Amino acid sequence: MTIEVTNETKIDFVTARKELGDGPMRFAPTGERSIAEQIAALTEAEKKCFDNLKEKWEKTYEPFSDEMYLRFARCSPGKEKFNEKTAFKVMKSFPRRYLELNAIDLEKQLATKTLYPVPGLQTKDGHDLFFMYPARYFPKETSTKTIIDNLGYYMETMVEKEKACSEGIGFMAYMNNWKMENFSINYCYQFMMMLQGRVPVRVRLFLIVNPPGWFDKIWNIMKPMLAADFRKKVHVIPEADLPQFLMPGFESYLPDDADTGKAPSDEIVADFIKYRKYAENPK
């Protein structure tokens, strides 16, 4: 079985599993419908939005892949998906260079385990989650561009899966050991803009877990950066409240960076890098 990925390559998942093993293949979008099949299954109104976006865009700009047109349409900002007006606005501001990001160039940053997707970890509504350990980011040592590229890359890889693209994803910021030296206003602003539509991804849940006692000062800075509807998705909680938001048995999938997590974070990140390098550089 093969599936189209963003860079238009094809992956033979049977061969990939033999070469990589089960660990890295946790990140492969196996069992997915092809992009052509997904487009064919759109409603008449959805297909009209897709066609109009593609036609309008290609009159003036360099074409995207059909996968990206579909992604822009599904992830259009606002209450409703397939909003042609808001989707086109995202297309115009979307940094096309994000489509050129790859695991080889980003490997050093990915390996810091500052940000990473977590296979199997889902919200109670069934949304896949990615995880951040903000205490590993130091604005004076790592540029804002680098961490935002890291974020954009992970979000784009997650929505290669149809469900994540059509229904959205979740995000958990695990705040243990976080200090003011891990924060800057510019970094925070750029991060919040990414979560709110700068890239075609819908974030359905944003958990801020175990923040320090003085986090209210930071929250007062963050709130004006968030649209009113997005603020409703943000929950500042102690770790003990995670069962209210995550699927039963989440501890088995939660990274061991968290006190209650049991999944080896080193293996998660190493497997992700191994899979992405394979997928992005087919033989």
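Residues numbered from 1 in each chain as written. Predicted model: local features only at pLDDT ≥ 70, side-chain atom pairs only at ≥ 80, totals over all residues. Heavy atoms only, no water.

The chain is annotated in an unreviewed UniProt entry as CRAL-TRIO domain-containing protein of Fistulifera solaris.

> Can you walk me through the overall build of the chain in this structure?
Looking only at helices and strands, the chain has 13 helices and five strands in total. Against the 2.2 N^0.38 benchmark of 19 Å for 283 residues, the chain shows a C-alpha radius of gyration of 19 Å, consistent with a compact globule. C-alpha extents for the chain along the principal axes are approximately 50 × 45 × 35 Å. Put simply, the chain has 283 residues, and 53% of those count as buried. Sequence separation of at least 24 residues holds for 73% of the intrachain contacts in the chain that already meet a minimum separation of 6. (Helix = DSSP H or I, 4+ residues; strand = E, 2+ residues; numbered from the N terminus. Rg over C-alpha atoms; globule rule 2.2 N^0.38 Å. Buried < 20%, exposed > 50% of the residue type's maximum accessible area, 1.4 Å probe, protein only. Contact = heavy atoms within 4.5 Å.)

> Mind showing me how you'd approach the confidence of the model for the chain here?
Regions with low pLDDT carry predicted coordinates that are not meant to be interpreted in detail. Scored by pLDDT, the chain has a mean of 94; 96% of the residues are at 70 or more. Note that residues 1-9 has pLDDT below 50 and, in this model, 33 contacts with residues that lie over four places away or in other chains. (pLDDT = per-residue confidence, 0-100.)

> What exactly am I supposed to notice about empty space enclosed by the protein here?
To find leftover empty space, one rolls a probe the size of a water molecule over the atoms. According to the stated counting rule, one finds two cavities of 30 Å³ or more in the structure shown. Each pocket or cavity is described by its volume, and for the largest cavity that value is around 180 Å³. As for the largest cavity, its lining consists of 16 residues, of which Pro134, Met175, Tyr187, Met192 and Met222 are closest to the centre. Contributions of two or more residues to the lining of the largest cavity are made by strand E3 (169-174), helix H10 (185-198), strand E4 (203-209) and helix H11 (215-222). The element that contributes the greatest number of residues to the lining of the largest cavity is H10, accounting for four residues. (1 Å grid on protein atoms, 1.4 Å probe; cavity = no way out; pocket = protein on both sides within 12 Å on 5 of 7 lines; lining within 4 Å. Points joined across faces, edges and corners; volume = space filled by probe spheres on them.)

> I would appreciate a short explanation of the nonpolar core in the present structure.
A general tendency of soluble globular proteins is for nonpolar side chains to be buried together. Formed by 100 residues in total, the largest nonpolar core has its most connected members in Phe191, Met192, Leu195 and Phe206. Contacts of Phe191, omitting those with residues within four sequence positions, involve Leu115, Met132, Ile148, Leu151 and Phe171. (Core = buried A, V, L, I, M, F, W, Y, C linked by side-chain atoms within 4.5 Å.)

> Honestly, unusual backbone geometry in this entry has me stumped. Any pointers?
Across residues other than glycine, the phi torsion is negative in most instances, and most of the peptide bonds are trans. Its identity is not glycine, yet Asn177 carries a phi of approximately 65°, on the positive side. For Asn177, a relative accessible area of 53% puts it in the exposed group. One non-glycine residue, Asn210, adopts positive backbone phi at about 60°. Residue placement: Asn210 occurs in the loop between E4 and H11.

> Help me understand the packing of helix H8 (residues 144-158) against H10 in this model?
Between two packed helices, both the angle of their axes relative to each other and the distance between the axes serve to describe the pair. One way to put it is that H8 packs onto H10 with a least axis distance of 10 Å and a crossing angle of 20°. Relative to H10, the element H8 is oriented roughly parallel. As H8 runs across H10, the sense of the crossing is right-handed. Each of Thr144, Ile147, Ile148, Leu151, Gly152 and Met155 in H8 lies in contact with H10, whose residues at this interface are Asn186, Tyr187, Gln190, Phe191, Met194 and Leu195. Taken together, the residues of the contact of H8 with H10 break down into eight nonpolar, four polar and no charged. (Axes fitted to C-alpha atoms, helices over the stretch in contact; angles between N-to-C directions. Parallel < 35°, antiparallel > 145°, perpendicular 65-115°, else oblique. Left-handed = near helix turned anticlockwise from the far one by under 90°. Nonpolar A, V, L, I, M, F, W, Y, C, P; charged D, E, K, R; others polar.)

> Looking at this structure, I do not really get the sheet that holds E4. What am I missing?
Sheets are built from strands paired through backbone hydrogen bonds, the pairs being either parallel or antiparallel. Judged by pairing direction, the sheet is mixed, and its five strands sit side by side in the order E1-E2-E3-E4-E5 without closing on themselves. If you trace the sheet from one side to the other, it starts and ends with strand E1 (115-122) and strand E5 (234-237), each paired once. Between one strand axis and the next, the sheet turns through 25° on average, direction left out of account. (Pairing = 2+ DSSP bridges.)

> Any chance you could explain the pairing of strand E2 (residues 128-132) here in plain terms?
Consecutive side chains of a regular strand alternate in pointing toward one face of the sheet and then the other. Buried residues dominate E2, accounting for four of its five residues. Here E1 pairs with E2 via four bridges, running antiparallel. Following the sheet pairing, Leu115 is matched in E2 by Met132. Taking the residues between adjacent antiparallel strands as the criterion, E1 and E2 are bridged by five residues, where Gly126 takes a positive phi near 85°.

> Whenever I open this one, the domain arrangement of the chain confuses me. Can you help?
Interfaces are frequently sized by the accessible area removed from exposure as the parts join. The assigned domain composition of the chain is domain 1 (30-94) and domain 2 (106-280). On a C-alpha basis, the centroid separation for the pair domain 1 and domain 2 is 25 Å. Contacts between the two partners involve 17 residues from domain 1, matched on the other side by 13 residues from domain 2. Carbon and sulfur atoms supply 50% of the area buried between domain 1 and domain 2, which totals about 1400 Å² over both sides. Taken as a group, Arg71, Arg74 and Cys75 account for 40% of the area that domain 1 buries against domain 2, more than any other trio of residues on that side. (Domains from an automatic or database assignment. Buried area = accessible area lost by both parts, 1.4 Å probe.)

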